[in-house]
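These are the residues of each chain, in order.
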Amino acid sequence: DAGVIQSPRHEVTEMGQEVTLRCKPISGHNSLFWYRQTMMRGLELLIYFNNNVPIDDSGMPEDRFSAKMPNASFSTLKIQPSEPRDSAVYFCASSFSGANYGYTFGSGTRLTVV
Amino acid sequence: DAKTTQPNSMESNEEEPVHLPCNHSTISGTDYIHWYRQLPSQGPEYVIHGLTSNVNNRMASLAIAEDRKSSTLILHRATLRDAAVYYCILMETSYDKVIFGPGTSLSVIP
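Rules used throughout
Residues numbered from 1 in each chain as written. Chains lettered and ligands numbered in written order. Predicted model: local features only at pLDDT ≥ 70, side-chain atom pairs only at ≥ 80, totals over all residues. Heavy atoms only, no water. 1 Å grid on protein atoms, 1.4 Å probe; cavity = no way out; pocket = protein on both sides within 12 Å on 5 of 7 lines; lining within 4 Å. Points joined across faces, edges and corners; volume = space filled by probe spheres on them. Helix = DSSP H or I, 4+ residues; strand = E, 2+ residues; numbered from the N terminus. Nonpolar A, V, L, I, M, F, W, Y, C, P; charged D, E, K, R; others polar. Buried < 20%, exposed > 50% of the residue type's maximum accessible area, 1.4 Å probe, protein only. Contact = heavy atoms within 4.5 Å. Buried area = accessible area lost by both parts, 1.4 Å probe. Salt bridge = Lys/Arg side-chain N within 4 Å of Asp/Glu carboxyl O. Pairing = 2+ DSSP bridges.

1. Regarding the layout of surface pockets
Okay, step 1: In this model, the largest pocket occupies a volume close to 500 Å³.
Okay, step 2: Listed by contribution, the elements that provide at least two residues to the lining of the largest pocket are strand S4 (31–38), strand S5 (42–50), strand S9 (88–95) and strand S11 (109–113) of chain A together with strand S8 (84–91) of chain B.
Okay, step 3: Taken together, the residues that form the lining of the largest pocket break down as nine nonpolar, 12 polar and two charged.

2. Description of unusual backbone geometry
All names here are of chain A.
Okay, step 1: The step from Ser 7 to Pro 8 runs through a cis peptide bond, and the omega angle for that step is -10°.
Okay, step 2: As for its position among the elements, Pro 8 is in the loop between strand S1 (5–7) and strand S2 (10–13).
Okay, step 3: Across the junction of Gln 80 and Pro 81, the peptide omega takes the value -10°, indicating a cis bond.
Okay, step 4: Counting through the fold element by element, Pro 81 comes out in the loop between strand S8 (74–79) and S9.
Okay, step 5: Even without a glycine there, the phi angle at Asn 51 is positive, about 50°.
Okay, step 6: Position of Asn 51 relative to the elements: it lies in the loop between S5 and strand S6 (53–56).
Okay, step 7: For Asn 52, which is not a glycine, the phi torsion comes out positive at approximately 75°.
Okay, step 8: Looking at where Asn 52 falls in the secondary structure, it is placed in the loop between S5 and S6.
Okay, step 9: The exposure class assigned to Asn 52 is partly exposed, which follows from its relative accessible area of 31%.

3. Observations concerning the interface of chain A and chain B
Okay, step 1: Contacts between the two partners involve 20 residues from chain A, matched on the other side by 19 residues from chain B.
Okay, step 2: Carbon and sulfur atoms supply 54% of the area that chain A and chain B bury against each other, a total of about 1500 Å² over both sides.
Okay, step 3: Interface area lost by chain A to chain B is led by Leu 43, Ala 99 and Tyr 103 of chain A, which between them contribute 36%.
Okay, step 4: Seen at the junction of chain A and chain B, the total is zero salt bridges.

4. Considerations on the pairing of S9 of chain A
Residue and element names in this part refer to chain A.
Okay, step 1: A large share of S9 lies buried, amounting to eight of its eight residues.
Okay, step 2: Side chains Ala 88, Tyr 90, Cys 92 and Ser 94 of S9 all project onto a buried face; the interleaved residues Val 89, Phe 91, Ala 93 and Ser 95 project onto the opposite face, where all are buried too.
Okay, step 3: Where S4 and S9 come together, seven bridges link them in antiparallel fashion. Bridge assignment links Phe 33 to a residue of S9, and that residue is Ala 93.
Okay, step 4: Of the strand pairs in this sheet, S9 and S11 are connected by three bridges, and their pairing is antiparallel. Bridge pairing links Val 89 to Arg 110 in S11.
Okay, step 5: One ladder, built from two bridges, connects S9 with strand S10 (residues 104–105); its direction is antiparallel.

Listed below in structure tokens is the structure:
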């Protein structure tokens, strides 16, 4: 298995532009998570899907952020409009449901908003 | 959410064992103890997890106190590649999201 695949690896965009981050989870995993990491705030959980359904989006910073999981093999995190404070590394992770399973993280997308 | 407490940083000499402590005094009976690590410029990586008994895998060992209020991740022989931030996390069986604290930054000295 290729693991959790995220794209793009790096994204530089101008303030006000729409940004879409993509994630392909490991086949068979039914839980998917989006995290954001910054030096100031560490790793923050943004949203959690189970069986393609959003379960907890309490970590999504504001309405500019939205996430979808149209099927079991694809998820997107969209920021519209983007702002410089959104600059961070965004990680996607997947796992089987349940606390007895570990997460597999992707390599992340480094977003820079100028 | 049940919380964990870890030292901010630790140092180890290469090829020596490393014991990374974690306190979780408010752990509930069904919370699993998970450890992840994050190497520089990489995503977090699963290391090991357990519920009550000590656990071993190819990466590390997990020693869980009898009262489950603390645990220790043991790297049997530290290498330079083990320099990373190590996160101790409690995962609730009723809701399996993982909340990361600041972790322990491990430095390995050649």
